[in-house]
Amino acid sequence: MVYKDFQDLRLSALGLGAMRLPATGDNLSEIDEAETAKMVAFAMEHGVNYYDTAWGYHNGNSETVIGRVLSKYPRESYYLATKFPGYDLSNMDKVETIFEQQLQKCGVEYFDFYLFHNVCEMNIDAYLDPKYGIFDYLMKQKENGRIRHLGFSAHGDCDIMKRFLDAYGAHMEFAQIQLNWIDWSFQNAKEKTALLNKHQIPVWVMEPLRGGKLASVSADAAQKLQAMRPDEKIPAWSFRFLQGIEGVTMILSGMSSMEQLADNIQTFEADKRLNEQELTALLGIADDMIKNILPCTACRYCTAHCPKGLDIPMLLKLYNEHCFTGGGFIAPMALMAEPEEKHPSACIGCKSCEAVCPQQIKISEAMADFHKKLQAASF
């Protein structure tokens, strides 16, 4: 197992994410605890010492199960991370209640790592609002030793991260972002990583395989990669990419089977980061995978001509994400921060924006399709 130094700790470079634990059936809230225990035993035996859970994973059952499974091991043999669920604004005034329940659910007296969960457009104002006392309470728990290391995770844009760091950056010890070879440019992960490096905040990686989407590529792409590394499986390329990114300390993978766990542990037996030729090839494949997204350059000519005052570049960016991912929570979550009259449904199809778009994007059609997709996802 490759290990990384973090302050006075030695962390396994691969962490087990408890968001996609094996389930007993189609109901993901029903975790297969026996299989999870086998996976954790295998992980512990092979040097994995970091386990990441959260309040909402598996409909609230992840913390309970992972805590129960880890209770079989000496407390000093593993590091446990969980998060304050600020993705739900109704939780903002419940930080003390939730934190105490999390300790009980996990069966521990302290958390090694604790995060402000999912800092984004929807919740940044609440996270920064002193009336909720979230920051003050978590800092107090750190002073009392019930939180050993405090950090945050973020799905929001770089500007949102900057606001959070301006307020609390001096106290953040690590930051968890969505980082992989697709999102290096597609979700501005390169810029986010540079921001964290500037603040000298170690990078924790989530979605290294983008929910499994990067576990396979087209036949042509696979042939190209295998010609350069014949013995490397396709999922391993994602981890090799991350091994070469400055600041990356922890790579979390939400593994849901023993096969996935064994493969990933084998990958992390060595640090075999990509060379320049391999990196160029992989990012070229990424470009091919996103070439069909709408080519908005955010020139903002359109916004000056929209009678509804829509932030069209922002909406197109969310539309591209939603289409590429095949749904997901990022676009709906971001739109929750916007008033209804600024949603894609507010587009009246006048095409004034299209008349001035240098890329000749059919914006009105995109807005209509985006609205349709969002409506379908709500059922």
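Student: Would you mind going over helix 11 (residues 258–267) with me for this structure?
Tutor: Because an α-helix packs 3.6 residues into every turn, residues spaced three or four apart end up facing the same way. When helix 11 is considered as a whole, its buried residues turn out to be Leu-261, Asn-264, Ile-265 and Thr-267. The buried residues of helix 11 occupy an angular sector of 155 degrees when the element is viewed end-on, so they sit on one face. Residues of helix 11 that are exposed and point over 90 degrees away from its buried face: Glu-259 and Gln-266. Looking at the buried positions of helix 11, the neighbouring elements they touch are strand 3 (14–17), helix 1 (33–45), helix 10 (234–243) and strand 10 (248–253).

Student: Help me out: how do you make sense of the side chain of Glu-354 in this one?
Tutor: As for its placement among the helices and strands, Glu-354 is situated in the loop between helix 14 (330–335) and helix 15 (363–377). Within the buried core, Glu-354 has no salt-bridge partner, and the shortest N-O distance to an opposite charge, that of Lys-351, equals 4.8 Å. In terms of polar contacts, Glu-354 uses its side chain to reach the backbone amide nitrogen of Ile-363, at 3.1 Å. Every residue in contact with Glu-354, bar those within four places of it in the chain, is listed here: Ile-361, Lys-362, Ile-363, Ser-364 and Glu-365.

Student: What exactly am I supposed to notice about the state of the cysteines here?
Tutor: Tallying each qualifying case throughout the model produces zero disulfides. No disulfide involves Cys-306; its sulfur sits 6.4 Å from that of Cys-350, the nearest cysteine.

Student: Is there a simple way to explain the pairing of strand 5 (residues 79–84) in this structure?
Tutor: For a regular strand, side chains alternate in direction, first toward one face of the sheet and then toward the other. Across the six residues that make up strand 5, a large majority, six, are buried. Chirality of the crossover, the property in question, places the unit of strand 4 (residues 50–52), helix 2 (residues 62–70) and strand 5 among those that are right-handed. Two elements, strand 5 and strand 6 (residues 111–119), share four bridges in a ladder whose sense is parallel. Within strand 6, the position partnered with Ala-81 by the bridge is Phe-113. Between the parallel elements strand 5 and strand 6, the chain passes through helix 3 (residues 95–106) in a crossover that is right-handed.

Student: Help me understand the sheet that holds strand 8 (residues 174–178), please; the structure alone is not making it clear to me.
Tutor: What links the strands of a sheet is backbone hydrogen bonding, and the strands pair in either a parallel or an antiparallel sense. Taken in spatial order, the eight strands line up as 3-4-5-6-7-8-9-10 and close into a barrel, and their pairing is parallel. Here the average twist between neighbouring strands, direction ignored, is 30 degrees. The sheet contacts of helix 8 (residues 189–198) involve strand 7 (147–154), strand 8 and strand 9 (203–206), and relative to strand 8 the element is tilted by about 175 degrees.

Student: Looking at this model, I keep getting lost on unusual backbone geometry. Mind explaining?
Tutor: Across residues other than glycine, the phi torsion is negative in most instances, and most of the peptide bonds are trans. With phi around 50 degrees, Gln-7 is a residue other than glycine that occupies positive phi space. Topologically, Gln-7 is positioned in the loop between strand 1 (3–6) and strand 2 (9–12). Residue Gln-7 is classed as exposed on the basis of its relative accessible area of 52%. Not every positive phi belongs to a glycine, and Asn-59 is a case in point at roughly 55 degrees. Looking at the element boundaries, Asn-59 is found in the loop between strand 4 and helix 2. Residue class for Asn-59 comes out exposed when judged on its relative accessible area of 63%.

Student: What am I meant to see in the pairing of strand 1 here?
Tutor: Bridging between strand 1 and strand 2 involves four bridges; their strand directions are antiparallel. When the bridges of strand 2 are listed, Asp-5 appears paired with Arg-10. Linking strand 1 to strand 2, which pair antiparallel, is a turn of two residues; within it Gln-7 sits at a positive phi near 50 degrees.

Student: Explain the packing of aromatic side chains to me, please; I cannot follow it from the model alone.
Tutor: Where two aromatic rings form a pair, the distance of their centres and the angle of their planes describe that pair. Scanning the model with the defined rule gives 24 aromatic pairs in all. With a centroid separation of 5.2 Å and an interplanar angle of 65 degrees, the aromatic rings of Phe-239 and Phe-268 are classed as edge-to-face. In this pair, Phe-239 is assigned in helix 10 and Phe-268 in the loop between helix 11 and helix 12 (276–289), connecting sequence segments 29 residues apart. An identical accessibility class is assigned to Phe-239 and Phe-268; each is buried. Taken together through their ring pairs, the aromatic side chains of Phe-84, Phe-116, Tyr-127, Phe-135, Phe-152, Phe-164 and Tyr-168 make up a single cluster. Seen from the ring of Trp-55, Lys-105 lies directly overhead, with NZ or CZ sitting 4.6 Å from the centre.

Conventions adopted
Residues numbered from 1 in each chain as written. Predicted model: local features only at pLDDT ≥ 70, side-chain atom pairs only at ≥ 80, totals over all residues. Heavy atoms only, no water. Buried < 20%, exposed > 50% of the residue type's maximum accessible area, 1.4 Å probe, protein only. Helix = DSSP H or I, 4+ residues; strand = E, 2+ residues; numbered from the N terminus. Arc of directions from axis to C-beta. Contact = heavy atoms within 4.5 Å. Lys, Arg positive; Asp, Glu negative; His and termini not counted. Salt bridge = Lys/Arg side-chain N within 4 Å of Asp/Glu carboxyl O. Polar contact = N/O pair within 3.5 Å; in protein donor to acceptor, adjacent residues only side chain to side chain. Disulfide = S-S within 2.5 Å. Right-handed = clockwise from strand over helix to strand, strands pointing away. Pairing = 2+ DSSP bridges. Axes fitted to C-alpha atoms, helices over the stretch in contact; angles between N-to-C directions. Phe/Tyr/Trp six-rings, centres within 6.5 Å; stacked < 30°, edge-to-face > 60°. Lys NZ or Arg CZ within 6 Å of the ring centre and 35° of its normal.

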